[in-house]
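Here's the letter readout for the chains.
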Amino acid sequence: MAITLLDPEGLPKIGVYRQVAVATGSKLVFIAGQVAWDADGTTVGADLAAQVERCYLNIGTALAGAGGSFDDVAKLSVYVVDWTPEKMPQFLEGAARAAAKLGVTPVPPGTLVGVAALDVPEHLVEIEATAVLD
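Residues numbered from 1 in each chain as written. Predicted model: local features only at pLDDT ≥ 70, side-chain atom pairs only at ≥ 80, totals over all residues. Heavy atoms only, no water.

1. Some points on the sheet that holds strand β5 (residues 110-115)
Strand pairing within a sheet occurs via backbone hydrogen bonds; the two strands may be parallel or antiparallel. The condition that has to hold: Strands are labelled as partners when DSSP assigns at least two bridges between them. By definition, any uninterrupted DSSP run of H or I lasting at least four residues is a helix, any uninterrupted run of E lasting at least two residues is a strand, and each is numbered from the N terminus. Structural elements are reduced to axes, namely lines fitted to C-alpha atoms, with helices fitted over the stretch in contact, and the angle between N-to-C directions of any two is expressed from 0 to 180 degrees. Contact definition: two residues touch when any of their heavy atoms are within 4.5 Å.
Spatially, four strands are ordered β3-β6-β4-β5 in an open sheet, and the strand pairing comes out mixed. Across the chains shown, the open sheet's two edge strands, defined by having one partner strand only, are β3 (27-34) and β5. The sheet shows a mean angle of 10° between the axes of neighbouring strands, taken without regard to direction. Bridging between β3 and strand β6 (residues 125-133) involves six bridges; their strand directions are antiparallel. The partner of Lys-27 across the bridge, within β6, is Leu-133. This element, helix α1 (residues 48-65), spans β3, β4 (73-81) and β6 of the sheet and lies at about 25° to β6.

2. Section: α1
Note on helix geometry: an α-helix contains 3.6 residues per turn, so any two residues three or four positions apart are oriented the same way. Here is the rule we go by: One less than the residue count of a helix, multiplied by 1.5 Å, gives the span that helix is expected to have. When accessible area is computed with a 1.4 Å probe and restricted to protein chains, residues below 20% of their type maximum are described as buried, those above 50% as exposed, and intermediate ones as partly exposed. What qualifies as a polar contact is a pair of N or O atoms within 3.5 Å, subject to a donor-acceptor requirement within protein and to the restriction that residues adjacent in sequence count only when both atoms come from side chains.
Taking 1.5 Å per residue as the helical rise, α1 with its 18 residues ought to reach 26 Å, and the 26 Å between its terminal C-alpha atoms agrees with that figure. Burial within α1 is extensive, with 13 of its 18 residues counted as buried. Two or three places before Ala-49, at the opening of α1, Asp-47 has a side-chain oxygen 3.1 Å from that residue's backbone nitrogen. Count one or two residues on from α1 and you reach Gly-67, which has phi positive near 90°.

3. Regarding the nonpolar core
What counts is decided by this rule: Put simply, a nonpolar core is a bunch of buried Ala, Val, Leu, Ile, Met, Phe, Trp, Tyr and Cys residues held in one set by side-chain atoms that sit within 4.5 Å of each other.
Core analysis: the biggest nonpolar cluster contains 23 residues, and Tyr-56, Ile-59, Phe-70, Leu-76, Val-125 and Ile-127 have the highest contact counts within it. Sorting the residues of this core by element identifies β3, α1, β4, α2 (88-102) and β6 as the ones contributing at least two each. A per-element tally of this core places α1 first, with seven residues. In this view, Val-125 contacts Gln-34, Val-35, Leu-48, Gln-51, Val-52, Cys-55, Val-78, Tyr-79, Val-80 and Leu-118; residues no more than four positions away in its chain are not counted.

4. Things to note about α2
Cut-off, in case you're wondering: The directions from the helix axis to the C-beta atoms are what the arc is built from.
For α2, spanning 15 residues, the distance from its first C-alpha to its last is 21 Å, which sits close to the expected 21 Å at 1.5 Å a residue. For α2, every residue scored as buried is listed here: Phe-91, Gly-94, Ala-95, Ala-98 and Ala-99. Summarising the axial view, the buried residues of α2 lie within an arc of 135°, below the 170-degree limit, and thus occupy one face. Along α2, the residues that are exposed and aim more than 90 degrees away from the buried face are Pro-89, Ala-100 and Lys-101. Packing partners of the buried residues in α2 comprise α1, β4 and β5. A positive phi of about 70° marks Gly-103, the residue just after α2.

As C-alpha cells, this is what we get:
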C-alpha cells in the first residue's frame with residue numbers, strides 16, 4: 001500500500017479523517033470532481049446523503065479503473081453547495097453508506113469547502129481525489 005495515514009502528536013484527532021497522508025508509491029492518480037451522476041449522466045439522489053454516497057462510489061469506480069482503491073487515496077477535496085455545519089450528519093451518512101458498499105473506511109486527509117453552486121443546479125456536492133499507487 002502506497003499511503004500511510006497519520007494523526008501526528010500536536011494536531012487534533014478529528015475522527016472522520018486523518019491529518020496527514022504519507023505517499024511512497026510512484027504512480028499519481030488525479031480524479032476529476034465526481035458528482036452524483038450514474039454511468040448514463042443521470043443525477044442520482046435529491047438529498048445530500050444520497051449524492052455524497054454516489055460521489056464516493058464514482059470515485060471508487062475511477063480508482064478501480066486506474067488499478068487502485070480508496071486505500072490509495074492521499075487527499076479528498078469536497079465542495080458542498082450552501083454548506084452549514086448542520087449538514088454534517090447527512091454528509092457522514094452518505095460517506096458511511098458508500099464505505100459499507102465499497103468495504104473501506106475512507107479517512108484520508110480532506111478539505112470541505114462550501115460553495116454557492118456547482119455546474120448543474122441539482123448537484124449538491126462534488127468530490128475530487130488524489131491517489132498514489134505503487
